[in-house]
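Now for the letters of each chain:
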Amino acid sequence: MAKANYLVSLIVPVYNEEATIEIFVSTIKKKLSAELSHLEIVFVDDGSKDSSAALIEELIAAQSELKISLIKLSRNFGKEAAMTAALDIVNSDAVIPMDVDLQDPPELVLEFIRIWRDEGIDHVYGVRVDRSQDTEMKRMTSGGFYFVFNRLSNKVKIPANAGDFRLMDRKIVETVRLLHESNRFMKGLFAWPGFSSKGVPYQRPPRVAGNSKWNYWKLWNFALDGIVSFSSLPLRVWSYIGAGVGLLAFVYMCWIIIETMISGIDVPGYASTMCAVLFLGAVQLISIGILGEYLGRISEEAKHRPVYVAQQIKGDLAKRVPPGAQHTASGIYFMQDDNK
Ligand code: UDP
Ligand code: MG
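Read on for an overview of the structure. (Residues numbered from 1 in each chain as written. Chains lettered and ligands numbered in written order. Predicted model: local features only at pLDDT ≥ 70, side-chain atom pairs only at ≥ 80, totals over all residues. Heavy atoms only, no water.)

Comments concerning the coordination of the magnesium ion (ligand 2)
Spelled out, the test is: Here the term donor refers to an N, O or S atom within 2.8 Å of the metal (or 3.2 Å for Na, K and Ca), and because water is left out of the atoms, sites may appear incomplete. Throughout this description, buried means an accessible area under 20% of the type-specific maximum (1.4 Å probe, protein chains only), exposed means over 50%, and partly exposed covers the range between.
Protein coordination at the magnesium ion (ligand 2): the donors are Asp101 (OD) and Gln103 (OE1), at 1.9 to 2.0 Å from the metal. The pair formed by aspartate 101 and glutamine 103 is uniform in burial state, with each residue classed as buried.

Right, dumping it as C-alpha coordinates:
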(Lines give C-alpha, C1' and ligand atoms only; values in the text may rest on other atoms or scores of the structure.)
(Ligands and ions follow the chains in the order given, each with its own letter.)
Protein backbone atom coordinates (compact mmCIF):
# COMPACT_ATOMS: atom_id res chain seq x y z
CA MET A 1 0.00 0.00 0.00
CA ALA A 2 1.48 3.30 -1.03
CA LYS A 3 1.77 6.17 1.42
CA ALA A 4 -0.45 9.17 0.81
CA ASN A 5 0.41 11.49 3.64
CA TYR A 6 4.09 11.75 4.37
CA LEU A 7 6.79 14.24 5.20
CA VAL A 8 10.33 13.97 3.88
CA SER A 9 13.09 16.12 5.41
CA LEU A 10 16.01 17.30 3.32
CA ILE A 11 18.79 17.69 5.86
CA VAL A 12 21.41 20.12 4.66
CA PRO A 13 24.64 20.81 6.58
CA VAL A 14 25.99 24.27 5.87
CA TYR A 15 29.42 25.69 6.57
CA ASN A 16 30.28 29.12 5.15
CA GLU A 17 27.87 28.72 2.25
CA GLU A 18 26.38 32.19 1.76
CA ALA A 19 27.08 31.86 -1.95
CA THR A 20 24.95 28.75 -2.41
CA ILE A 21 22.04 28.76 0.08
CA GLU A 22 19.64 30.89 -1.96
CA ILE A 23 20.40 29.08 -5.21
CA PHE A 24 19.78 25.82 -3.37
CA VAL A 25 16.37 26.84 -2.03
CA SER A 26 15.16 28.32 -5.30
CA THR A 27 16.32 25.25 -7.25
CA ILE A 28 14.50 22.96 -4.82
CA LYS A 29 11.33 25.01 -5.22
CA LYS A 30 11.58 24.91 -8.97
CA LYS A 31 12.60 21.30 -9.54
CA LEU A 32 10.60 19.71 -6.75
CA SER A 33 7.41 21.74 -7.14
CA ALA A 34 5.39 18.51 -7.50
CA GLU A 35 6.39 17.33 -4.02
CA LEU A 36 6.72 20.64 -2.19
CA SER A 37 3.86 19.98 0.23
CA HIS A 38 5.54 16.75 1.33
CA LEU A 39 8.96 18.32 1.83
CA GLU A 40 10.80 20.34 4.42
CA ILE A 41 14.34 21.67 4.41
CA VAL A 42 16.26 21.40 7.67
CA PHE A 43 19.49 23.38 7.48
CA VAL A 44 22.18 22.70 10.05
CA ASP A 45 24.49 25.65 10.41
CA ASP A 46 27.81 24.09 11.34
CA GLY A 47 29.27 27.20 12.98
CA SER A 48 29.57 29.28 9.79
CA LYS A 49 31.63 32.45 10.11
CA ASP A 50 29.88 34.20 7.22
CA SER A 51 26.24 35.25 6.93
CA SER A 52 24.88 31.74 6.24
CA ALA A 53 22.79 31.52 9.42
CA ALA A 54 21.34 35.00 8.94
CA LEU A 55 20.43 34.13 5.35
CA ILE A 56 18.59 31.01 6.47
CA GLU A 57 16.75 32.97 9.16
CA GLU A 58 15.61 35.41 6.47
CA LEU A 59 14.35 32.52 4.36
CA ILE A 60 12.42 31.17 7.34
CA ALA A 61 10.91 34.59 8.02
CA ALA A 62 9.87 34.96 4.37
CA GLN A 63 7.47 32.02 4.85
CA SER A 64 7.05 30.38 1.50
CA GLU A 65 5.01 27.26 0.75
CA LEU A 66 8.14 25.23 1.54
CA LYS A 67 8.82 24.55 5.23
CA ILE A 68 12.35 25.63 6.18
CA SER A 69 14.03 25.12 9.56
CA LEU A 70 17.44 25.79 11.05
CA ILE A 71 19.45 23.87 13.62
CA LYS A 72 22.33 26.11 14.63
CA LEU A 73 25.39 24.48 16.14
CA SER A 74 27.53 26.38 18.64
CA ARG A 75 30.71 26.02 16.59
CA ASN A 76 32.10 24.08 13.62
CA PHE A 77 31.78 20.37 14.45
CA GLY A 78 32.18 18.99 10.92
CA LYS A 79 29.68 17.66 8.41
CA GLU A 80 29.22 14.30 10.16
CA ALA A 81 28.27 15.89 13.48
CA ALA A 82 25.95 18.33 11.71
CA MET A 83 24.12 15.49 9.98
CA THR A 84 23.93 13.58 13.24
CA ALA A 85 22.25 16.56 14.93
CA ALA A 86 19.62 16.70 12.21
CA LEU A 87 19.03 12.92 12.26
CA ASP A 88 18.50 13.08 16.04
CA ILE A 89 16.13 16.01 15.94
CA VAL A 90 13.97 15.69 12.81
CA ASN A 91 10.72 13.83 13.15
CA SER A 92 9.51 12.88 9.70
CA ASP A 93 8.80 9.77 7.65
CA ALA A 94 12.06 9.83 5.74
CA VAL A 95 15.20 11.96 5.54
CA ILE A 96 17.50 12.84 2.67
CA PRO A 97 20.95 14.27 3.53
CA MET A 98 21.93 16.73 0.81
CA ASP A 99 24.84 19.05 0.10
CA VAL A 100 23.90 22.69 -0.28
CA ASP A 101 26.17 23.14 -3.31
CA LEU A 102 23.71 21.28 -5.62
CA GLN A 103 26.19 18.49 -6.26
CA ASP A 104 23.37 16.17 -5.24
CA PRO A 105 20.88 16.72 -8.11
CA PRO A 106 17.45 17.72 -6.68
CA GLU A 107 15.50 15.96 -9.45
CA LEU A 108 16.81 12.67 -8.06
CA VAL A 109 14.84 13.36 -4.87
CA LEU A 110 11.64 12.67 -6.84
CA GLU A 111 13.01 9.31 -7.91
CA PHE A 112 14.13 8.47 -4.34
CA ILE A 113 10.68 9.34 -2.97
CA ARG A 114 8.93 7.35 -5.69
CA ILE A 115 10.95 4.22 -4.97
CA TRP A 116 10.45 4.56 -1.21
CA ARG A 117 6.75 5.40 -1.44
CA ASP A 118 5.61 3.08 -4.24
CA GLU A 119 8.07 0.19 -4.05
CA GLY A 120 8.37 0.23 -0.27
CA ILE A 121 12.19 0.28 -0.29
CA ASP A 122 13.54 1.66 3.00
CA HIS A 123 16.93 2.83 1.85
CA VAL A 124 17.43 4.40 -1.58
CA TYR A 125 20.99 5.60 -2.21
CA GLY A 126 22.51 7.55 -5.06
CA VAL A 127 25.43 5.94 -6.91
CA ARG A 128 27.80 8.17 -8.88
CA VAL A 129 28.29 6.56 -12.27
CA ASP A 130 30.45 9.08 -13.97
CA ARG A 131 33.36 10.41 -11.96
CA SER A 132 34.92 12.22 -14.89
CA GLN A 133 34.62 15.48 -12.90
CA ASP A 134 37.17 14.07 -10.47
CA THR A 135 40.88 13.85 -11.11
CA GLU A 136 42.44 10.46 -11.97
CA MET A 137 44.10 10.52 -8.56
CA LYS A 138 40.81 11.04 -6.70
CA ARG A 139 39.11 8.23 -8.63
CA MET A 140 41.94 5.80 -7.97
CA THR A 141 42.19 6.57 -4.27
CA SER A 142 38.44 6.36 -3.77
CA GLY A 143 38.23 3.07 -5.69
CA GLY A 144 41.04 1.71 -3.51
CA PHE A 145 39.24 2.85 -0.39
CA TYR A 146 36.00 1.00 -1.17
CA PHE A 147 37.98 -2.11 -2.06
CA VAL A 148 39.95 -2.12 1.19
CA PHE A 149 36.95 -1.15 3.33
CA ASN A 150 34.71 -3.89 2.02
CA ARG A 151 37.46 -6.52 2.34
CA LEU A 152 38.28 -5.57 5.92
CA SER A 153 34.80 -4.96 7.27
CA ASN A 154 33.23 -8.37 7.48
CA LYS A 155 29.61 -7.50 8.21
CA VAL A 156 28.86 -3.97 7.04
CA LYS A 157 29.49 -3.44 3.34
CA ILE A 158 29.19 0.00 1.75
CA PRO A 159 28.26 0.35 -1.91
CA ALA A 160 31.11 1.82 -3.98
CA ASN A 161 30.62 5.38 -5.21
CA ALA A 162 27.68 6.14 -2.93
CA GLY A 163 27.97 9.40 -1.02
CA ASP A 164 25.76 10.68 1.75
CA PHE A 165 23.03 11.52 -0.76
CA ARG A 166 20.27 8.98 -0.12
CA LEU A 167 16.76 8.55 1.25
CA MET A 168 16.38 6.76 4.55
CA ASP A 169 13.11 5.62 6.02
CA ARG A 170 12.31 6.58 9.59
CA LYS A 171 13.22 3.03 10.72
CA ILE A 172 16.78 3.52 9.54
CA VAL A 173 16.99 6.96 11.14
CA GLU A 174 15.75 5.57 14.48
CA THR A 175 18.33 2.80 14.29
CA VAL A 176 21.21 5.11 13.35
CA ARG A 177 20.35 7.13 16.47
CA LEU A 178 21.35 4.09 18.50
CA LEU A 179 24.87 4.08 17.07
CA HIS A 180 26.49 6.17 19.78
CA GLU A 181 30.11 6.27 18.70
CA SER A 182 31.64 9.69 18.55
CA ASN A 183 33.81 8.79 15.57
CA ARG A 184 31.09 9.07 12.97
CA PHE A 185 31.80 7.55 9.59
CA MET A 186 28.33 8.21 8.19
CA LYS A 187 28.40 5.98 5.12
CA GLY A 188 29.19 3.05 7.36
CA LEU A 189 26.60 4.04 9.95
CA PHE A 190 23.93 4.41 7.26
CA ALA A 191 24.75 0.93 5.95
CA TRP A 192 24.79 -0.63 9.42
CA PRO A 193 20.99 -0.96 10.04
CA GLY A 194 20.30 -3.04 6.94
CA PHE A 195 16.67 -3.15 5.68
CA SER A 196 15.73 -3.20 2.01
CA SER A 197 17.90 -0.98 -0.17
CA LYS A 198 18.33 0.05 -3.77
CA GLY A 199 20.91 2.15 -5.64
CA VAL A 200 20.00 4.82 -8.17
CA PRO A 201 22.75 5.86 -10.62
CA TYR A 202 23.36 9.57 -11.21
CA GLN A 203 25.91 11.99 -12.60
CA ARG A 204 27.49 14.29 -10.04
CA PRO A 205 27.79 17.84 -11.32
CA PRO A 206 30.43 20.31 -10.09
CA ARG A 207 29.69 22.76 -7.26
CA VAL A 208 27.40 25.69 -8.30
CA ALA A 209 29.34 28.27 -6.29
CA GLY A 210 31.73 28.60 -3.35
CA ASN A 211 34.62 26.24 -2.56
CA SER A 212 34.95 22.64 -1.46
CA LYS A 213 36.02 22.16 2.15
CA TRP A 214 37.85 18.93 1.45
CA ASN A 215 41.48 18.17 0.70
CA TYR A 216 43.54 14.98 0.48
CA TRP A 217 44.72 15.12 4.07
CA LYS A 218 41.12 15.31 5.31
CA LEU A 219 40.10 12.54 2.90
CA TRP A 220 42.92 10.31 4.14
CA ASN A 221 41.83 10.78 7.76
CA PHE A 222 38.25 10.19 6.72
CA ALA A 223 39.22 6.88 5.09
CA LEU A 224 41.20 5.85 8.18
CA ASP A 225 38.24 6.69 10.41
CA GLY A 226 36.00 4.56 8.26
CA ILE A 227 38.25 1.53 8.22
CA VAL A 228 39.21 1.71 11.87
CA SER A 229 35.63 2.10 13.07
CA PHE A 230 34.32 -0.82 11.06
CA SER A 231 37.21 -3.27 11.30
CA SER A 232 39.67 -4.31 13.97
CA LEU A 233 41.59 -6.49 11.54
CA PRO A 234 44.55 -4.05 11.19
CA LEU A 235 44.98 -4.34 14.96
CA ARG A 236 44.59 -8.09 15.14
CA VAL A 237 46.54 -9.13 12.09
CA TRP A 238 49.84 -9.04 14.06
CA SER A 239 49.21 -12.33 15.83
CA TYR A 240 49.03 -14.04 12.44
CA ILE A 241 52.09 -12.25 11.11
CA GLY A 242 53.86 -13.11 14.38
CA ALA A 243 52.88 -16.76 14.11
CA GLY A 244 54.03 -16.86 10.47
CA VAL A 245 57.37 -15.21 11.23
CA GLY A 246 57.74 -17.44 14.30
CA LEU A 247 57.29 -20.57 12.23
CA LEU A 248 59.82 -19.45 9.60
CA ALA A 249 62.23 -18.45 12.36
CA PHE A 250 61.86 -21.85 13.99
CA VAL A 251 62.63 -23.68 10.75
CA TYR A 252 65.61 -21.41 10.07
CA MET A 253 66.81 -21.89 13.64
CA CYS A 254 66.74 -25.68 13.31
CA TRP A 255 68.64 -25.38 10.07
CA ILE A 256 71.38 -23.14 11.55
CA ILE A 257 71.75 -25.47 14.51
CA ILE A 258 72.06 -28.56 12.32
CA GLU A 259 74.45 -26.77 9.97
CA THR A 260 76.61 -25.66 12.91
CA MET A 261 76.71 -29.22 14.23
CA ILE A 262 77.67 -30.70 10.87
CA SER A 263 80.10 -28.20 9.37
CA GLY A 264 81.32 -26.50 12.53
CA ILE A 265 81.38 -22.82 13.48
CA ASP A 266 82.07 -20.23 10.67
CA VAL A 267 81.49 -17.03 12.59
CA PRO A 268 81.55 -17.41 16.35
CA GLY A 269 78.23 -16.42 17.98
CA TYR A 270 76.32 -16.18 14.70
CA ALA A 271 74.00 -19.14 15.29
CA SER A 272 73.10 -18.24 18.85
CA THR A 273 72.58 -14.52 18.04
CA MET A 274 70.37 -15.31 15.03
CA CYS A 275 68.32 -17.73 17.08
CA ALA A 276 67.77 -15.21 19.87
CA VAL A 277 66.86 -12.35 17.46
CA LEU A 278 64.41 -14.42 15.41
CA PHE A 279 62.78 -16.02 18.40
CA LEU A 280 62.33 -12.77 20.31
CA GLY A 281 61.04 -10.96 17.21
CA ALA A 282 58.37 -13.58 16.74
CA VAL A 283 57.41 -13.55 20.41
CA GLN A 284 57.07 -9.76 20.30
CA LEU A 285 54.85 -9.80 17.22
CA ILE A 286 52.64 -12.44 18.76
CA SER A 287 52.28 -10.44 21.96
CA ILE A 288 51.41 -7.30 20.02
CA GLY A 289 48.78 -9.39 18.24
CA ILE A 290 47.32 -10.56 21.52
CA LEU A 291 47.12 -6.96 22.72
CA GLY A 292 45.41 -6.21 19.40
CA GLU A 293 42.83 -8.91 19.99
CA TYR A 294 41.85 -7.33 23.30
CA LEU A 295 42.04 -3.73 22.06
CA GLY A 296 39.87 -4.66 19.08
CA ARG A 297 37.22 -6.01 21.40
CA ILE A 298 37.45 -3.02 23.71
CA SER A 299 36.96 -0.64 20.78
CA GLU A 300 33.90 -2.66 19.72
CA GLU A 301 32.45 -2.46 23.23
CA ALA A 302 33.24 1.21 23.63
CA LYS A 303 30.97 2.00 20.70
CA HIS A 304 27.86 0.74 22.51
CA ARG A 305 26.21 -0.21 19.28
CA PRO A 306 22.91 -2.07 19.51
CA VAL A 307 23.26 -5.81 19.29
CA TYR A 308 20.40 -6.34 16.84
CA VAL A 309 17.64 -4.66 14.85
CA ALA A 310 14.33 -6.53 14.50
CA GLN A 311 12.54 -5.36 11.39
CA GLN A 312 9.11 -6.78 12.16
CA ILE A 313 7.16 -8.67 14.82
CA LYS A 314 4.27 -10.88 13.81
CA GLY A 315 1.95 -13.36 15.47
CA ASP A 316 0.61 -13.42 19.00
CA LEU A 317 3.61 -11.55 20.41
CA ALA A 318 2.72 -8.62 18.18
CA LYS A 319 -0.51 -8.13 20.16
CA ARG A 320 1.33 -8.07 23.46
CA VAL A 321 4.18 -5.66 22.85
CA PRO A 322 3.90 -1.87 22.52
CA PRO A 323 3.62 -0.69 18.90
CA GLY A 324 5.91 1.54 16.89
CA ALA A 325 9.69 1.74 17.24
CA GLN A 326 10.75 0.44 20.64
CA HIS A 327 14.20 0.58 22.13
CA THR A 328 14.99 -2.55 24.09
CA ALA A 329 17.86 -3.28 26.49
CA SER A 330 20.34 -3.99 23.74
CA GLY A 331 18.54 -3.38 20.49
CA ILE A 332 15.55 -1.93 18.73
CA TYR A 333 12.42 -3.45 17.19
CA PHE A 334 9.82 -2.19 14.77
CA MET A 335 6.36 -3.57 15.26
CA GLN A 336 5.73 -3.82 11.55
CA ASP A 337 6.80 -2.25 8.29
CA ASP A 338 4.27 0.48 9.12
CA ASN A 339 3.76 2.42 5.96
CA LYS A 340 3.30 -0.54 3.64
N1 UDP B 1 30.08 21.13 5.49
C2 UDP B 1 29.74 21.25 6.84
N3 UDP B 1 30.74 21.35 7.77
C4 UDP B 1 32.07 21.33 7.43
C5 UDP B 1 32.40 21.17 6.06
C6 UDP B 1 31.38 21.08 5.11
O7 UDP B 1 28.56 21.28 7.20
O8 UDP B 1 32.92 21.42 8.31
C9 UDP B 1 28.98 21.02 4.47
C10 UDP B 1 29.08 22.00 3.31
O11 UDP B 1 28.50 23.23 3.63
C12 UDP B 1 28.32 21.27 2.20
C13 UDP B 1 28.62 19.81 2.51
O14 UDP B 1 29.06 19.76 3.87
O15 UDP B 1 26.91 21.45 2.28
C16 UDP B 1 29.68 19.23 1.56
O17 UDP B 1 30.84 20.01 1.59
P18 UDP B 1 31.76 20.25 0.31
O19 UDP B 1 30.93 20.61 -0.86
O20 UDP B 1 32.81 21.22 0.72
O21 UDP B 1 32.39 18.81 0.12
P22 UDP B 1 32.66 18.04 -1.29
O23 UDP B 1 31.37 18.07 -2.06
O24 UDP B 1 33.74 18.81 -1.96
O25 UDP B 1 33.06 16.67 -0.87
MG1 MG C 1 30.33 19.62 -2.57
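Next comes the rest of the description.
Quick word on the layout of surface pockets
Put simply, the test is: Using only the protein atoms, space was sampled on a 1 Å grid; points where a 1.4 Å probe fits but cannot get out form cavities, open sets with protein on both sides within 12 Å along at least five of seven lines form pockets, and lining residues are those with an atom within 4 Å of a point. Grid points are joined across faces, edges and corners, and a volume is the space filled by probe spheres set on the points. The numbering of helices and of strands both runs from the N terminus, where a helix is a DSSP run of H or I of at least 4 residues and a strand a run of E of at least 2.
In this structure, the second largest pocket spans a volume of roughly 610 Å³. Every residue lining the second largest pocket is counted, 21 residues in all, and those nearest its centre are Asn154, Lys155, Phe230, Glu300 and Arg305. Breaking the lining of the second largest pocket down by element, the ones donating at least two residues are helix 5 (136–152), helix 9 (233–263) and helix 10 (270–302). Sorting elements by how many residues they give to the lining of the second largest pocket places helix 10 first, with four residues.

A closer look at the packing of aromatic side chains
This is how the line gets drawn: Stacked, edge-to-face and tilted labels apply to pairs of Phe, Tyr and Trp rings (six-membered ring for Trp) whose centres lie within 6.5 Å, assigned for plane angles under 30 degrees, over 60, and everything in between, in that order. Either the NZ atom of lysine or the CZ atom of arginine qualifies as a charge over a ring when it sits within 6 Å of the ring centre and within 35 degrees of the ring normal.
Summed over all chains, the structure comprises 12 aromatic pairs. Pairing phenylalanine 185 with phenylalanine 222 gives two aromatic rings, centres 5.3 Å apart and planes at 55 degrees, and the pair type is tilted. Residue phenylalanine 185 is found in the loop between helix 6 (170–176) and helix 7 (186–191), and its partner phenylalanine 222 is found in helix 8 (residues 216–230); the two are separated by 37 residues along the sequence. Of the residues examined, phenylalanine 185 reaches a relative accessible area of 1% and is grouped as buried. Its guanidinium or amino end placed over the ring of phenylalanine 77, arginine 75 lies 3.9 Å from that ring's centre, counting from NZ or CZ.

Description of the sheet that holds strand 8 (residues 308–310)
Across a sheet, paired strands are connected by hydrogen bonds in the backbone, their directions being either parallel or antiparallel. Worth spelling out the cut-off: Between any two strands, pairing holds if DSSP finds at least two bridges. Only C-alpha atoms enter the line fits that serve as axes; for helices the fit covers just the stretch in contact. Angles between N-to-C directions range over 0 to 180 degrees.
With mixed pairing, the three strands of this open sheet are ordered in space as 8-10-9. Each having just a single partner strand, strand 8 and strand 9 (325–327) make up the two edges of the open sheet. The mean angle between the axes of side-by-side strands here comes to 15 degrees, regardless of whether they run parallel or antiparallel. In this sheet, strand 10 (residues 331–334) lies alongside strand 9 in antiparallel orientation, the contact comprising three bridges. Looking at strand 10, one finds that alanine 325 is bridged to phenylalanine 334.

A word on the pairing of strand 6 (residues 162–169)
Counting buried positions along strand 6 gives eight out of eight residues, so the element sits mostly inside the fold. Across four bridges, the pairing between strand 5 (residues 123–130) and strand 6 is antiparallel. Bridge pairing links valine 127 to alanine 162 in strand 6.

Quick notes on the pattern of salt bridges
Put simply, the rule reads: Counted as salt bridges are all cases of a side-chain nitrogen of Lys or Arg within 4 Å of a carboxyl oxygen of Asp or Glu.
Applying the stated criterion to the full structure yields 17 salt bridges. We note a salt bridge from aspartate 101 to arginine 207, for which the minimum N-O separation is 3.3 Å. A residue pair is termed long-range when its members are at least 10 positions apart, and aspartate 101 in the loop between strand 4 (94–97) and helix 4 (107–119) and arginine 207 in the loop between strand 7 (197–203) and helix 8 qualify at 106 residues. Here the salt bridges share partners, and the residues they tie into one network are Lys79, Asp99, Asp104, Asp164 and Arg204.

Here we look at the sheet that holds strand 6
The criterion, for reference: Every residue pair with non-hydrogen atoms within 4.5 Å of one another is taken to be in contact.
If you walk across this open sheet you meet the seven strands as 3-2-1-4-6-5-7, and the pairing is mixed. Single-partner strands in this sheet number two, and they are strand 3 (67–72) and strand 7. Shown here is a sheet whose adjacent strand axes are inclined to one another by a mean of 25 degrees, direction ignored. Pairing of strand 2 (residues 39–45) with strand 3 involves six bridges; the strand directions are parallel. Bridging from a neighbouring strand, glutamate 40 pairs with lysine 67 of strand 3. Against the sheet, helix 1 (residues 21–31) contacts strand 1 (8–14), strand 2 and strand 3, and its axis sits at roughly 170 degrees relative to strand 2.

Considerations on helix 8
What counts, and what does not: Expected span of a helix, by definition, is 1.5 Å for each gap between consecutive residues, and there is one gap fewer than residues.
Spanning 15 residues, helix 8 covers 21 Å between terminal C-alpha atoms, matching the ideal 21 Å at 1.5 Å per step. Close packing links the buried residues of helix 8 with helix 3 (79–89), helix 5, helix 7 and helix 9.

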